[in-house]
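# Secondary and tertiary structure notes
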Amino acid sequence: MNLFENIKMAIDSIISNKMRSFLTMLGIIIGISSVIAIVSLGEGGQNTITGEFEKIGVATIKITVKTAEAEKSDFITYKDVGQIKDKISYVKYATPYTYKQGTANSERKSKSAMFVGCNEDMYYIDNIELLYGRFFNNIEFEEGRAVVVIDETAAKSFFGTIDVVGNTINIGPTTSTKKATIVGVLKSQFGMFEGMVDDDMPAFIYVPGTYLDILYSTQSQISEMYIMADSKDNAEAAGILAKNMLMNRHGNRDRDLYKAESLMKQLDQINTVVGIFTAFIAAVAAISLLVGGVGVMNIMLVSVTERTREIGIRKAIGAKTSNIMFQFLTESVIISCIGGIIGLILGVSGAYLLGRLAGITPSVSPQIIIISIGFASAVGIFFGIYPAKKAAKLDPIEALRYE
Amino acid sequence: MIKIDNIIKTYTTGKINLTALKGVSLSVKPGEFVTIMGPSGCGKSTLMNVLGCLDKMSSGKYVLNGKDISGLVDNDLAEIRCREIGFVFQSFNLLPRMSILENVELPMVYAGVPKKERREKALEALRRVDLADRVKHRPNEISGGQKQRVAIARAIVNNPSVILADEPTGNLDTKVTKEIMKIIQQLNNDGATVLLVTHEPEVAQYSKRIIHMRDGEIIDDNEVIDRIVF
Ligand SMILES: Nc1ncnc2c1ncn2[C@@H]1O[C@H](COP(=O)(O)OP(=O)(O)OP(=O)(O)O)[C@@H](O)[C@H]1O
Ligand SMILES: [Mg+2]
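Treat the numbers as computed from the prediction; the structure is a model and nothing was measured.

Another point: the overall build of chain A. The secondary structure content of chain A amounts to 13 helices and eleven strands. For chain A, whose C-alpha radius of gyration is 33 Å, the value lies well above the compact-globule estimate of 22 Å for 403 residues. Overall size of chain A, expressed as C-alpha extent along the three principal axes, is 105 × 55 × 30 Å. Put simply, chain A has 403 residues, and 48% of those count as buried. Total accessible area computed for chain A in this model is approximately 19300 Å², and 60% of it derives from carbon and sulfur atoms.

Spelled out as structure tokens, the structure:
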């Protein structure tokens, strides 16, 4: 008696008990589909995050001053930024980063604003996409001119349209705003969440760092800057060299005041967290697979009892213990596998459906397909062995006498 | 060739021991047609089950076709049931979810006969019981007499040397009983050794030898006088 016939017999038996077979599979279907959906979404999410980071540039390094321990003379200056860019060959772009909250108003609208003070290199480091106009240039930065770049959402709320290059807008601390010229409009930062942004959200505005100092009458005490290396591989070295240069220029080599963080590292951390999270949920889903397996065993046991007479007849006409064992085992494996395949289909479609809602493209890897189908058959074998053994061990005479 | 010697079969249910066969000895030569009769509970079915290797005896010796059965393990017994013995039951015992043809093919599945050969042999066996036309039907779609013919076809399909029939006509009316007995007699004429259990004296008249049992023992063993031959 060959494998193929055994499978055919098992399928016949499954088909002749459609409803029961389906209910048996249900646990497997739920288990497999949730594992696949979760893992695919998790991997897709990781890819999305990685993609975002790559857009910003994994070659980007954030350098910060440990403000709690730093004295006034330890803070980064615009000159430092310029030197880092000019003297370190790995560094392609460098920008200071300051941040202020305040107000921005047009004739039409007044609202709170977040100002980012930077230089012209921010355009490359932040990978800015402009819809209209340009980013401010080096001269405007050096001279501290009153120019700004705003985003599409802010433009809409201040002027009602988005092509607002050349218009003026008042910016600064709420008590004393000053006129600035809009030189560029960038694409909304909110991406897929655009629809959720409400008009009262603060406007997001790039200003030359030098002008931000004037607006807020602060001496440039820069605690944060970004550099971008010429390649991903040089990012780490660029960070260390920049740190060194800062320590030399400020003569504070003895105190470890500067920190260089590569976004690459952060990406790894985030991916690790997402990975652990995915694994955790997948493990929970896998437990439902075990429950599904117990369901298979349960139904197979019922089936063995129900078919006691059939087993007796088969034995009476010459079936060996191994034939009966194999017959029932095949049935439970096939039920589990069909459940696994249905679960796979549902899981993948579910992942794409949920992914569409969440803006994630799920990543269905061949491994996960193989693993889940393999796992389903393993569940079928593991939970099928006991009932199959029970069937195979039945005494032919007692089985025949069973009503 | 069947030779049993002092077979004892004891059933143990809880603390109660019941000896259904109390030392039965019997010898049946190839080509014989033996009927076993006796009151209900005297051990006829028990004897048939032991002879059919379905049940194990408690003690005694059983030699079938020159082979000692007494000490065999389950798998060997299955092999013997598969190839040497054809069993016909009172309650037909067909598999309800399979077609008639598949039912008849099943013993060959376990005997490892290739698929194509199986179909041919199954149809041939069904022809021998005069039932070659309804092979695609399920057992619940045919009459009792037809079911028993299917069961006989299934019993003979692996060409066993011995056919054991435990009250094969017990559920059938007189007319159908005659038809079934005609088939069994024909099988015997074709060379099979037949052992048959019945309560009906007329049925016994189709055989060549009658054994009477009582209380787990054979009480007499005679040639059939005025045998009915079709
Ligand atoms: N599995 C069993 N467990 C316990 N006792 C049994 C078992 N099978 C049969 N017996 C007993 O063994 C004795 C012989 O039973 P058996 O079935 O062989 O009788 P029988 O001659 O075939 O009767 P009938 O004509 O009614 O079929 C009976 O007393 C019966 O109760
Ligand atoms: Mg009986």
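Further remarks concern the sheet that holds strand β5 (residues 67–68) of chain B. Residue and element names in this part refer to chain B. What the four strands build is an open sheet, ordered β2-β1-β4-β5; its pairing is antiparallel. Both outer strands of the open sheet, β2 (16–28) and β5, are each paired with one neighbouring strand and no more. The pairing of strand β4 (residues 59–64) with β5 spans two bridges and is classified as antiparallel. What sits directly across from L64, in β5, is K67. Here helix α1 (residues 44–51) sits on the sheet and contacts β1 (2–13), β2 and β4; the angle it forms with β1, its principal contact strand, is near 115°.

Attention now moves to the nonpolar core. Grouped together as the largest cluster of nonpolar side chains are 105 residues, with contacts concentrated most on I2(B), I4(B), Y62(B), L126(B), I152(B) and L195(B). What I4(B) contacts, discounting residues up to four positions off in sequence, is V24(B), S25(B), L26(B), L47(B), L51(B), K61(B) and Y62(B). Among the nonpolar cores identified, the runner-up in size contains 43 residues, and I84(A), V147(A), I222(A) and A238(A) belong to it.

Before going further, it helps to spend a moment on the domain arrangement of chain A. Considered domain by domain, chain A is made up of domain 1 (3–52 + 269–401) and domain 2 (67–256). On a C-alpha basis, the centres of domain 1 of chain A and domain 2 of chain A stand 56 Å from each other.

Within the element layout of this structure, Y211(A) appears in helix α7 (residues 209–216). For Y211(A), the contacting residues outside a window of four places in its chain are G144(A), R145(A), A146(A), I171(A), K178(A) and K179(A).

So, on to the site of ligand 1. Within the structure, ligand 1 sits among 14 residues, and R401(A), S40(B), K44(B), S45(B) and T46(B) are positioned closest to it. The environment around ligand 1 is built from residues contributed by chains A and B. A distance of 2.8 Å separates an oxygen atom of ligand 1 from a polar atom in the side chain of K44(B). Contact between ligand 1 and E167(B): an oxygen atom at 3.4 Å from a side-chain N or O atom of the residue. In isolation ligand 1 has 630 Å² of accessible area, and contact with the protein removes 68% of it. Elements represented by at least two residues in the shell around ligand 1 include exactly β1, β2 and α1 of chain B. In terms of residue count, α1(B) provides more of the shell around ligand 1 than any other element does, three residues in total.

This part is about the interface of chain B and chain A. Contact residues are listed per partner, giving 25 residues for chain B and 25 residues for chain A. Across the interface of chain B and chain A, roughly 2200 Å² is buried in total on both sides, 54% from carbon and sulfur atoms. It is L54(B), R97(B) and Y110(B) that lose the most area in chain B upon contact with chain A, and together they represent 32% of the buried surface on that side. In this structure, R118(B) engages E5(A) in a salt bridge whose closest nitrogen and oxygen atoms are separated by 2.6 Å. Broken down by secondary-structure element, the contributors of at least two residues to the side of chain B that touches chain A are α2 (74–83) and α3 (100–111) of chain B. Take the side of chain B that touches chain A: its biggest share by element is six residues, from α2(B). Split into classes, the residues belonging to the side of chain B that touches chain A amount to twelve nonpolar, five polar and eight charged.

The description of two packed helices rests on the angle between their axes and on the distance between the axes. Residue and element names in this part refer to chain A. Axis separation between helix α1 (residues 3–15) and helix α11 (residues 321–358) bottoms out at 9 Å; the angle between their running directions is 65°. Taken as a pair, α1 and α11 cross one another with a handedness that is right-handed. Touching L3, N6, I7, M9, A10, I11, S13 and I14 of α1 are F326, Q327, T330, E331, I334 and I335, all from α11. Grouping the amino acids of the contact of α1 with α11 by side-chain chemistry returns nine nonpolar, four polar and one charged.

Residues and elements named next belong to chain A. Applying the stated criterion across every chain yields a total of 13 aromatic pairs over all chains. Ring centres 5.3 Å apart and planes at 90° place the aromatic pair Y78 and F141 in the edge-to-face group. Of this pair, Y78 sits in helix α3 (residues 78–87) while F141 is found in helix α5 (residues 138–143), placing the two residues 63 residues apart along the sequence. Side by side, Y78 and F141 carry an identical accessibility label, which is buried. Taking 5.1 Å as the distance between ring centres and 75° as the angle between the ring planes, the aromatic pair formed by Y123 and Y124 counts as edge-to-face. Feature note: the residues Y93, Y123, Y124, F135, F136, F204 and Y206 constitute an aromatic cluster, connected by ring pairs. Directly above the ring of Y216 sits K100, whose terminal nitrogen or CZ lies 5.8 Å from the centroid.

This next bit is on the packing of helix α9 (residues 263–306) of chain A against helix α12 (residues 366–393) of chain A. All names here are of chain A. With their axes 9 Å apart at the nearest point, α9 and α12 run at an angle of 30° to one another. With respect to α12, the element α9 is oriented roughly parallel. Relative to α12, α9 is oriented so that their crossing is right-handed. Touching L289, L290, G293, V294, M297, M300, L301 and V304 of α9 are F375, V379, F383, Y386, P387, K390 and A391, all from α12.

Turning our eyes to something else, we now look at the pairing of strand β7 (residues 162–166) of chain B. Residues and elements named next belong to chain B. Along β7, five of the five residues are buried, which leaves the element largely enclosed by surrounding structure. Neither face of β7 is open: one carries V162, L164 and D166, the other I163 and A165, and all of them are buried. With four bridges joining them, strand β6 (residues 85–88) and β7 adopt parallel strand pairing. Following the sheet pairing, I85 is matched in β7 by V162. In this structure, β7 lies alongside strand β8 (residues 193–197), joined through five bridges in parallel fashion. When the sheet's bridge partners are listed, V162 is paired in β8 with T193.

With that out of the way, let us pick up the sheet that holds β7(B). The pairing of strands in a sheet happens through backbone hydrogen bonds and is either parallel or antiparallel. All names here are of chain B. The strand order across the open sheet built from six strands is β6-β7-β8-β3-β9-β10, with neighbouring strands paired in mixed fashion. Strand pairing shows two members of the sheet lacking a second neighbour, β6 and β10 (217–223), which therefore form its edges. Between one strand and the next, the sheet's axes are offset by a mean angle of 15°, whatever the strand orientation. In the packing of helix α5 (residues 144–156) onto the sheet, the strands contacted are β6 and β7, and the crossing angle to β6 comes to about 170°.

What counts and what doesn't
- Residues numbered from 1 in each chain as written.
- Chains lettered and ligands numbered in written order.
- Predicted model: local features only at pLDDT ≥ 70, side-chain atom pairs only at ≥ 80, totals over all residues.
- Heavy atoms only, no water.
- Helix = DSSP H or I, 4+ residues; strand = E, 2+ residues; numbered from the N terminus.
- Rg over C-alpha atoms; globule rule 2.2 N^0.38 Å.
- Buried < 20%, exposed > 50% of the residue type's maximum accessible area, 1.4 Å probe, protein only.
- Areas by Shrake-Rupley, 256 points an atom, 1.4 Å probe, with all protein chains shown as cover.
- Pairing = 2+ DSSP bridges.
- Contact = heavy atoms within 4.5 Å.
- Axes fitted to C-alpha atoms, helices over the stretch in contact; angles between N-to-C directions.
- Core = buried A, V, L, I, M, F, W, Y, C linked by side-chain atoms within 4.5 Å.
- Domains from an automatic or database assignment.
- Near = heavy atom within 4 Å.
- Polar contact = N/O pair within 3.5 Å; in protein donor to acceptor, adjacent residues only side chain to side chain.
- Buried area = accessible area lost by both parts, 1.4 Å probe.
- Salt bridge = Lys/Arg side-chain N within 4 Å of Asp/Glu carboxyl O.
- Nonpolar A, V, L, I, M, F, W, Y, C, P; charged D, E, K, R; others polar.
- Left-handed = near helix turned anticlockwise from the far one by under 90°.
- Phe/Tyr/Trp six-rings, centres within 6.5 Å; stacked < 30°, edge-to-face > 60°.
- Lys NZ or Arg CZ within 6 Å of the ring centre and 35° of its normal.
- Parallel < 35°, antiparallel > 145°, perpendicular 65-115°, else oblique.

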